[in-house]
Amino acid sequence: MLILLPPSETKRPGGRERALDIGALALPELRAARDAAVDALVALSGDEEHAARVLKLSPRQRPDIAHNATLRTAPTLPAVDRYTGVLFDALDAATLDAASRRWLGAHVLIHSAPFGPVGALDAIPTYRLAAGTALPGIPPLRRHWAGEVTEALRAAAPSFILDLRSEAYVDLGPVPAEVDSAYLRVVTIGEDGVTRALNHFNKHGKGAVVRRLAQTRPRIATRKALMAWADTAGVALRDGASGEIDLVV
């Protein structure tokens with residue numbers, strides 16, 4: 001099984017004095033697309049005023065331009081530790097044991113805007129780039145990434161993909177049609193019996209279920225096997241709309 005996570009706008013600063021190694025990231029087929037996106041973002045960051053307009057940054061966010069300018073030389077952290085926010089706080093990877101973190105490294109990709117999907121333990125610097133940005137010098141990110149990411153996911157040949165990404169990041173790399181997959185939707189059931197999708201707690205639910213998977217480290221190769229795991233792990237999964245699984249919280 002392969003799990004696809006969205007990134008987070010908020011990121012933990014600093015890291016180890018080990019620069020970005022694009023050639024060492026998961027899905028090596030994306031090397032050329034990654035180099036092009038990183039080069040475009042670094043070049044843009046040489047002009048602070050232009051970068052602030054293109055990236056739609058507030059005055060408070062302008063220091064992030066300096067981070068973008070040093071993408072190739074800045075300190076790095078494992079991606080699962082770099083991102084913060086509701087989903088990653090619920091996942092709380094820093095408190096997992098070594099075996100659970102290795103499971104994340106083998107089964108989880110986090111879909112970033114400048115690097116494409118990276119492994120949970122892949123070392124990346126901090127940056128500021130949203131999925132909807134059009135960087136000068138390359139096509140809009142949707143066109144730059146979508147076909148490349150889909151092909152890379154196909155080459156990875158996963159038996160089953162559980163997609164937890166937001167819509168904006170799904171657009172940056174749809175799951176290949178021939179791969180068995182499901183999109184995870186977080187819902188609640190009201191006292192009136194009506195099922196409703198959640199917004200804020202959507203991210204918390206996704207982080208919590210990935211943490212539970214990492215802790216139990218199941219071998220899952222099909223949607224049916226995922227549902228069977230959920231029954232034994234105390235996770236409320238159920239069949240949703242076509243191509244979806246509902247996580248009831």
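Refer to the structure above for everything that follows.
Model, not experiment: these values are computed from the prediction. (Residues numbered from 1 in each chain as written. Predicted model: local features only at pLDDT ≥ 70, side-chain atom pairs only at ≥ 80, totals over all residues. Heavy atoms only, no water.)

Bringing the overall build of the protein into the picture now. Helices and strands together make up the secondary structure of the protein, namely ten helices and ten strands. Over its C-alpha trace the protein gives a radius of gyration of 18 Å, about what one expects of a compact globule, namely 18 Å for 249 residues. The principal-axis extents of the C-alpha atoms in the protein amount to approximately 55 × 40 × 35 Å. Within the protein, buried positions represent 51% of all 249 residues. (Helix = DSSP H or I, 4+ residues; strand = E, 2+ residues; numbered from the N terminus. Rg over C-alpha atoms; globule rule 2.2 N^0.38 Å. Buried < 20%, exposed > 50% of the residue type's maximum accessible area, 1.4 Å probe, protein only.)

This part is about the packing of aromatic side chains. Applying the stated criterion across every chain yields a total of three aromatic pairs. Pairing Tyr83 with Tyr127 gives two aromatic rings, centres 6.4 Å apart and planes at 85°, and the pair type is edge-to-face. With Tyr83 in the loop between α4 (79-82) and α5 (86-91) and Tyr127 in the loop between β5 (123-124) and α7 (141-156), this residue pair connects regions lying 44 residues apart in the sequence. The rings of Tyr83, Phe88, Phe115 and Tyr127 are connected pair by pair, giving a single aromatic cluster. Directly above the ring of Tyr127 sits Lys11, whose terminal nitrogen or CZ lies 4.4 Å from the centroid. (Phe/Tyr/Trp six-rings, centres within 6.5 Å; stacked < 30°, edge-to-face > 60°. Lys NZ or Arg CZ within 6 Å of the ring centre and 35° of its normal.)

Right, let's talk about unusual backbone geometry for a bit. We note that Leu27 has phi near 55°; this positive angle belongs to a residue other than glycine. Note on placement: Leu27 falls in the loop between β1 (2-5) and α1 (31-44). Of note in the backbone geometry, Asp92 takes a positive phi value of approximately 45° without being a glycine. Structurally, Asp92 can be placed in the loop between α5 and α6 (98-107). Relative accessible area serves as the criterion here: at 31%, Asp92 is assigned to the partly exposed category.

Moving on, we get to the packing of α1 against α7. The N-to-C vectors of α1 and α7 enclose an angle of 160°; their axes lie 10 Å apart at closest approach. Considering their axes alone, α1 and α7 lie roughly antiparallel with respect to each other. In this structure, the crossing between α1 and α7 has a hand that is left-handed. Of the residues in α7, those in contact with Ala33, Arg34, Ala36 and Ala37 of α1 are His144, Trp145 and Glu148. Of the residues that constitute the contact of α1 with α7, the class distribution is four nonpolar, one polar and two charged. (Axes fitted to C-alpha atoms, helices over the stretch in contact; angles between N-to-C directions. Parallel < 35°, antiparallel > 145°, perpendicular 65-115°, else oblique. Left-handed = near helix turned anticlockwise from the far one by under 90°. Contact = heavy atoms within 4.5 Å. Nonpolar A, V, L, I, M, F, W, Y, C, P; charged D, E, K, R; others polar.)

This part covers the nonpolar core. Here is a general trend for soluble globular proteins: nonpolar side chains tend to be buried in one another's company. Judged by nonpolar contacts, the single largest core of 76 residues is most densely connected at Ile3, Leu5, Leu104 and Leu226. With six residues, the single largest contributor to this core is α1. Not counting the four nearest positions on each side in its chain, Leu5 is found in contact with Leu87, Phe88, Leu91, Val108, Leu109, Ile110, His111, Leu164, Arg165 and Val210. (Core = buried A, V, L, I, M, F, W, Y, C linked by side-chain atoms within 4.5 Å.)

What follows covers the pairing of strand β10 (residues 244-248). Among the five residues that make up β10, four are buried, leaving the element largely enclosed by the rest of the structure. The hairpin formed by strand β9 (residues 237-239) and β10 contains four residues between the paired strands, and Gly243 there has a positive phi angle of roughly 75°. (Pairing = 2+ DSSP bridges.)

Considering the arrangement of structural elements, one finds His111 in strand β3 (residues 108-112). Separated by 3.0 Å, the side chains of His111 and Arg165 make a polar contact. Residues in contact with His111, not counting those within four places in the same chain, are Leu5, Pro7, Gly116, Pro117, Val149, Arg165, Tyr169, Leu172 and Gly173. (Polar contact = N/O pair within 3.5 Å; in protein donor to acceptor, adjacent residues only side chain to side chain.)

Burial in α6 covers these residues: Ser100, Arg101, Trp103, Leu104 and His107. An end-on view of α6 places all buried positions within 150° of arc, on one side of the element. Exposed residues on α6 whose side chains face more than 90 degrees from its buried face are Arg102 and Ala106. (Arc of directions from axis to C-beta.)

Turning to the environment of Leu129, a few remarks are in order. Among the secondary structure elements, Leu129 is positioned in the loop between β5 and α7. Between the C-alpha atoms of Leu129 and Glu9, which are 120 residues apart in sequence, the distance is 8.2 Å. Those residues in contact with Leu129, other than ones at most four positions away along the chain, are Leu41, Leu55, Ala113, Pro114, Leu135, Leu141 and Tyr169.

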